[in-house]
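# Reading the structure
So the chains spell out like this:
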Amino acid sequence: MSLLVVGSVAFDSVRTPFGEVEDILGGSATYFSTAASYFTDVNLVAVVGEDFPAQHLNFLKSRGINIEGLEKQAGKTFRWKGEYGYQLNEAQTLETHLNVFEAFKPVLPASYKEAEGVFLANINPELQMDVLNQVRSPKIIACDTMNFWISGKREALLKTLGHVDILVINDGEARQLAQEANLVKAAKAIRSYGPKHLIIKRGEYGALMFNSQSIFAAPAYPMENVFDPTGAGDSFAGGFMGYLLNTMNFTEENMRQAVIFGSVMASFVVEDFSLNRIRALDYKEILNRYREFKQLTHFEEPEDVFNP
Ligand code: AMP
């Protein structure tokens, strides 16, 4: 099954308490596609500038990602600079340079239009909508966004959300989008904007999935070495959507498993800068960590303690 993703392909400069890197490979669509590529075929839509090296394109191709829809335009590649304190949950954005994204008009290659799944990664919501308009009959559409667009392009974002099945955002974004401090109330409000399912990522506290029937809580893997959280959200979404497309099963049960595969991919990405840790994972490593998640939350029915 094929999964279409539109989002940023970027050069990131990141400072964490453990180190600093400049102009490394990043971007929402890059992290998403790499994580999803372990589960399903991925078709990438994005734009890069003339400064984007062949080595990065070769890496994406080596993961089997279709980059026919990755345009190269005159100008510079999107750049993002962010910083994390010891509280690694949320990045502080220091600089955002849209560069070639400013004038980008995505045109999907013919083969992309039949995609069964679509992920609108974090990017201008007008571009998210442009892409959605070109896909014929996707079975499942999910979306991400961030504070930059919630405050800067709210109307366009609400329009996109009207066409989306699943929204995947972090807790700060959920509060900002719903203008509501309580997450359960925020989830109710956000689901009234369109998405039937809402996943709220809570960094080291895991993720919550809300729909009309239930709330599912998944922990985050208790990591001893969190090096750089950049890309955790996009890799979560990649594992989540990749598993859904692999199985084409959108039952509650299966979506819960997808949340765990998302958490597994996120847990790997934070172990190193950029995509280094998820460049070449072993399927056994992925399955083992999935099983560790299962173990982490497994508990038995209580003994008959209230009936002595
Ligand atoms: P996350 O998974 O939330 O940590 O996303 C990190 C990625 O988002 C980085 O690699 C950035 O290049 C990318 N990013 C940051 N700001 C934006 C933005 N305004 N639009 C699109 N992508 C962005």
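Relevant structure appears above.
Residues numbered from 1 in each chain as written. Predicted model: local features only at pLDDT ≥ 70, side-chain atom pairs only at ≥ 80, totals over all residues. Heavy atoms only, no water.

### Looking at the packing of aromatic side chains
Inspection of the entire model under this criterion finds 14 aromatic pairs. Plain terms: the ring middles of F101 and F104 are 5.7 Å apart, the flat faces sit at 90° to each other, and that makes the pair edge-to-face. Both residues of the pair, F101 and F104, belong to the buried class. Between F236 and F240, the aromatic rings sit 6.3 Å apart at their centres with planes inclined by 10°, giving stacked as the arrangement. Of the two residues, F236 and F240 are both situated in helix α8 (residues 232-247); the distance of four residues between them amounts to about one turn of the helix. (Phe/Tyr/Trp six-rings, centres within 6.5 Å; stacked < 30°, edge-to-face > 60°. Buried < 20%, exposed > 50% of the residue type's maximum accessible area, 1.4 Å probe, protein only. Helix = DSSP H or I, 4+ residues; strand = E, 2+ residues; numbered from the N terminus.)

### With respect to the site of the ligand
Of all residues adjacent to the ligand, which total 17 residues, the nearest are S8, D12, G27, G231 and D234. Contact between the ligand and G233: an oxygen atom at 3.2 Å from a main-chain N or O atom of the residue. Note that an oxygen atom of the ligand is positioned 2.6 Å from one of the side-chain N or O atoms of D234. Summarising the interface, the protein chains cover 89% of the accessible area of the ligand, which totals 510 Å² for the free molecule. When contributions to the shell around the ligand are tallied by element, the ones reaching two or more residues are β2 (10-16), β6 (78-83), α4 (147-152) and α8. Counting residues per element, the shell around the ligand draws most heavily on α8, which supplies three residues. Split into classes, the residues belonging to the shell around the ligand amount to eight nonpolar, seven polar and two charged. (Near = heavy atom within 4 Å. Polar contact = N/O pair within 3.5 Å; in protein donor to acceptor, adjacent residues only side chain to side chain. Areas by Shrake-Rupley, 256 points an atom, 1.4 Å probe, with all protein chains shown as cover. Nonpolar A, V, L, I, M, F, W, Y, C, P; charged D, E, K, R; others polar.)

Structural measurements only, silent on function.
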